[in-house]
Amino acid sequence: MSKALLYHGSMTVCGGILGFRGLNSVISGEVSLVPILLSIGGTGMVFSAVYEAVLSSDSSDSIPDGRIVWSTVMLTLIAVIAGIWSVIA
């Protein structure tokens, strides 16, 4: 699997998690600065990662070192597991 695809996919998933959490709070009626910024930042992360992966001429130029790519992937997995855990518990 390509490192660029892993990196941009992880950034998309993290942005989606942040945006979903922020929008969920805003929709439920808790309108404050933190949920609004979470939704804006998460949406921005999703759009920028999709742009870099799909529309960029060479998406492998925008990825960092391999260690950062793998730490991003691992932290994304932790975020997904924590999100699932918070829904279940």
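Everything below is about the structure printed above this text.
Residues numbered from 1 in each chain as written. Predicted model: local features only at pLDDT ≥ 70, side-chain atom pairs only at ≥ 80, totals over all residues. Heavy atoms only, no water.

Novice: Just to check I follow, could you spell out the overall build of the protein chain for this structure?
Specialist: Regarding its fold elements, the protein chain presents 3 helices and 0 strands. When its helices and strands are written in sequence order, the protein chain yields α-α-α. By its C-alpha atoms, the protein chain is 40 × 25 × 15 Å across when sized along the principal axes. Relative to its full complement of 89 residues, the protein chain shows a buried share of 24%. In the protein chain, 75% of the contacts between residues at least 6 apart in sequence involve partners at least 24 apart. Here the protein chain has roughly 6000 Å² of accessible surface; of this, 73% comes from carbon and sulfur atoms. (Helix = DSSP H or I, 4+ residues; strand = E, 2+ residues; numbered from the N terminus. Buried < 20%, exposed > 50% of the residue type's maximum accessible area, 1.4 Å probe, protein only. Contact = heavy atoms within 4.5 Å. Areas by Shrake-Rupley, 256 points an atom, 1.4 Å probe, with all protein chains shown as cover.)

Novice: Could you clarify how one ought to interpret the nonpolar core in this entry?
Specialist: The tendency in soluble globular proteins is for nonpolar side chains to be buried side by side. The biggest cluster of nonpolar side chains holds 6 residues, and these are Ala4, Leu6, Tyr7, Ile63, Val69 and Val73. The set of elements that each furnish at least two residues to this core consists of α1 (3–27) and α3 (66–88). If you tally residues by element for this core, the top one is α1, at 3 residues. Once residues lying within four places of it in the same chain are set aside, the contact partners of Val69 are Lys3, Leu6, Tyr7 and Pro64. (Core = buried A, V, L, I, M, F, W, Y, C linked by side-chain atoms within 4.5 Å.)

Novice: Please explain α3 as it appears in this structure.
Specialist: Note: α-helices contain 3.6 residues per turn, so residues at a spacing of three or four share the same orientation. The end-to-end C-alpha separation of α3 is 33 Å, in line with the 33 Å expected for 23 residues at 1.5 Å each. Turning to α3, its buried residues number three or more, namely Gly66, Val69, Thr72, Val73 and Thr76. The secondary structure elements touched by the buried residues of α3 are α1. (Expected span 1.5 Å × (residues − 1).)

Novice: Could you clarify how one ought to interpret the environment of Leu5 in this entry?
Specialist: Mapped onto the secondary structure, Leu5 falls in helix α1. Take Leu5: its relative accessible area is 54%, and that puts it in the exposed class. Placed 46 residues apart in sequence, Leu5 and Tyr51 show a C-alpha to C-alpha distance of 12 Å.

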